[in-house]
Amino acid sequence: MKHQFLAIDEGHQKLSLIDTANPRYGWTRSLADFPAARDMQRIGPNLALIGFERGFFELSISSGEVLTTCDRWNNVTAARRLVNGATLVTGANLDGSGGINVLTLDREYRQVSTVRRDGDYVRLMRITDLGTYLFCMNDHILETDTSLISLNAMRAPGFEHAWKAERMDDGTTLVSAGYGAFMARFDRRGNLASTFGAAGTVPDEVAPFVYATFQVLDDGRVMVANWQGHGPENGHKGRQLLEFSPAGKLLDSWSDRQRISSLQGILIL
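Residues numbered from 1 in each chain as written. Predicted model: local features only at pLDDT ≥ 70, side-chain atom pairs only at ≥ 80, totals over all residues. Heavy atoms only, no water.

Student: Before we go on, may I ask you to explain the sheet that holds strand β12 (residues 125-127) in this structure?
Tutor: Backbone hydrogen bonds hold the strands of a sheet together, and the pairing may be parallel or antiparallel. If you walk across this open sheet you meet the four strands as β12-β13-β14-β15, and the pairing is antiparallel. Lying at the two open borders of the sheet, with one neighbouring strand each, are β12 and β15 (150-154). If you compare each strand with its neighbour and ignore which way they point, the axes differ by 20 degrees on average. When β12 meets strand β13 (residues 133-136), the two strands line up antiparallel, connected through three bridges. Following the sheet pairing, isoleucine 127 is matched in β13 by tyrosine 133. (Pairing = 2+ DSSP bridges. Helix = DSSP H or I, 4+ residues; strand = E, 2+ residues; numbered from the N terminus. Axes fitted to C-alpha atoms, helices over the stretch in contact; angles between N-to-C directions.)

Below, the structure is given as structure tokens:
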């Protein structure tokens, strides 16, 4: 496996720049000041947006230097930069009224709008090409319009803390099942079409535990973070980074048990 990527190690509470072919490459920085970092987005050639429990920060990819920070709330689970420079911040009870919120900030991080719907759990949020929102709501994926009015719900047996959903170019939706420890693909209507990566379909050494962040590469390969538990002593468990073919066949896997305990977030560069 040959990939360079940013890695959120939830077990060690660290963020690293990693080259799977060169263990001496990159850097590692503490996330002690940025607890519960979950979301990552590349927003420039050398710039990444990292969401954490209280907001988000911008990071130099090459050096790991934090350039700007927006630290303002509690229970933030996702942050996404839009092409117009605005930032969407998603989480629970961000406006103090309960429920799930999506806040819109302008380029200067001033809040310009908020929308709300009932609920007390959400993980990552993604925006489709049609402008709708995909929310991971524990046991299902909820698609809404920009006012958070429900449009569709996608469910699969075994979803538990479902982590991320992403709409593909062909209209299907790919989902990481969290503690279900498999990947699910839904058709254009939101019906479950297939699953892959579950225990029994991959070698035992993979030890699927929590399928968290994933990324689809330009050629259709699917990279998946296989999180192995809280705390610093999980590096010897399972395989941390999994590479699947577009059809869901495991092609390769990688681990660095000395450097990584529990790989939760990935951003393939």
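What follows picks up the thread again.
Student: Help me understand the environment of threonine 90 in this model?
Tutor: Along the polypeptide, threonine 90 turns up in strand β9 (residues 87-92). Along the backbone, threonine 90 and leucine 49 are 41 residues apart, and their C-alpha atoms lie at a distance of 14 Å. If near-sequence neighbours (up to four positions away) are discounted, threonine 90 is found in contact with Asn75, Val76, Thr77, Ala78, Asn101, Val102, Val122, Met125 and Phe135. (Contact = heavy atoms within 4.5 Å.)

Student: Looking at this structure, how should I read the layout of surface pockets?
Tutor: If a probe the size of a water molecule is rolled over the atoms, the empty space left behind becomes visible. Of the voids in this model, the largest pocket is the one considered here, and its volume is about 790 Å³. In this structure, the largest pocket is lined by 27 residues; those nearest its centre are Arg80, Arg126, Ile127, Glu166 and Arg167. Of all the elements in the fold, those that place two or more residues in the lining of the largest pocket are β4 (39-44), β8 (76-81), β12, β16 (164-167), β20 (210-216) and β24 (263-268). Of the residues in the lining of the largest pocket, the class split is 11 nonpolar, five polar and 11 charged. Its boundaries defined by the atoms lining it, the second largest pocket holds a volume of some 200 Å³. Taken together, the residues of the lining of the second largest pocket break down into six nonpolar, five polar and three charged. (1 Å grid on protein atoms, 1.4 Å probe; cavity = no way out; pocket = protein on both sides within 12 Å on 5 of 7 lines; lining within 4 Å. Points joined across faces, edges and corners; volume = space filled by probe spheres on them. Nonpolar A, V, L, I, M, F, W, Y, C, P; charged D, E, K, R; others polar.)

Student: What am I meant to see in the sheet that holds strand β23 (residues 250-254) here?
Tutor: The strand order across the open sheet formed by four strands is β20-β21-β22-β23, and the pairing between neighbours is antiparallel. Lying at the two open borders of the sheet, with one neighbouring strand each, are β20 and β23. Averaged over neighbouring strand pairs, the angle between their axes works out to 25 degrees when direction is ignored. Across four bridges, the pairing between strand β21 (residues 222-227) and strand β22 (residues 241-244) is antiparallel. Bridge pairing in β22 places valine 222 opposite phenylalanine 244.

Student: Hey, could you run me through the nonpolar core in this one?
Tutor: The tendency in soluble globular proteins is for nonpolar side chains to be buried as a group. With 17 residues, the main nonpolar core has Val102, Met125, Tyr133, Phe135 and Met137 as its most contacted residues. Taken together, the elements giving at least two residues each to this core come down to β9, β10 (100-105), β13 and β20. With residues up to four places along the chain from it excluded, the contact list for methionine 137 reads Ile100, Tyr121, Val122 and Leu142. Of all hydrophobic cores here, the second largest spans 16 residues; its members include Ile8, Trp27, Leu31 and Ile50. (Core = buried A, V, L, I, M, F, W, Y, C linked by side-chain atoms within 4.5 Å. Buried < 20%, exposed > 50% of the residue type's maximum accessible area, 1.4 Å probe, protein only.)

Student: What's the story with the pattern of salt bridges in this structure? I'm lost.
Tutor: Working definition: two side chains of opposite charge can pair if their charged atoms are close together. The tally for this structure, following the rule as stated, stands at 11 salt bridges. With a shortest N-O distance of 3.1 Å, aspartate 118 and arginine 116 are connected by a salt bridge. Using a relative accessible area of 58% as the deciding quantity, one classes aspartate 118 as exposed. Classification of arginine 116 by relative accessible area gives partly exposed; the value is 36%. Note that glutamate 166 and lysine 164 form a salt bridge whose closest N and O atoms lie 3.1 Å from each other. Assessed through its relative accessible area of 6%, lysine 164 is described here as buried. Members of the salt-bridge network, linked through shared partners, are Asp39, Arg80 and Arg126. (Salt bridge = Lys/Arg side-chain N within 4 Å of Asp/Glu carboxyl O.)

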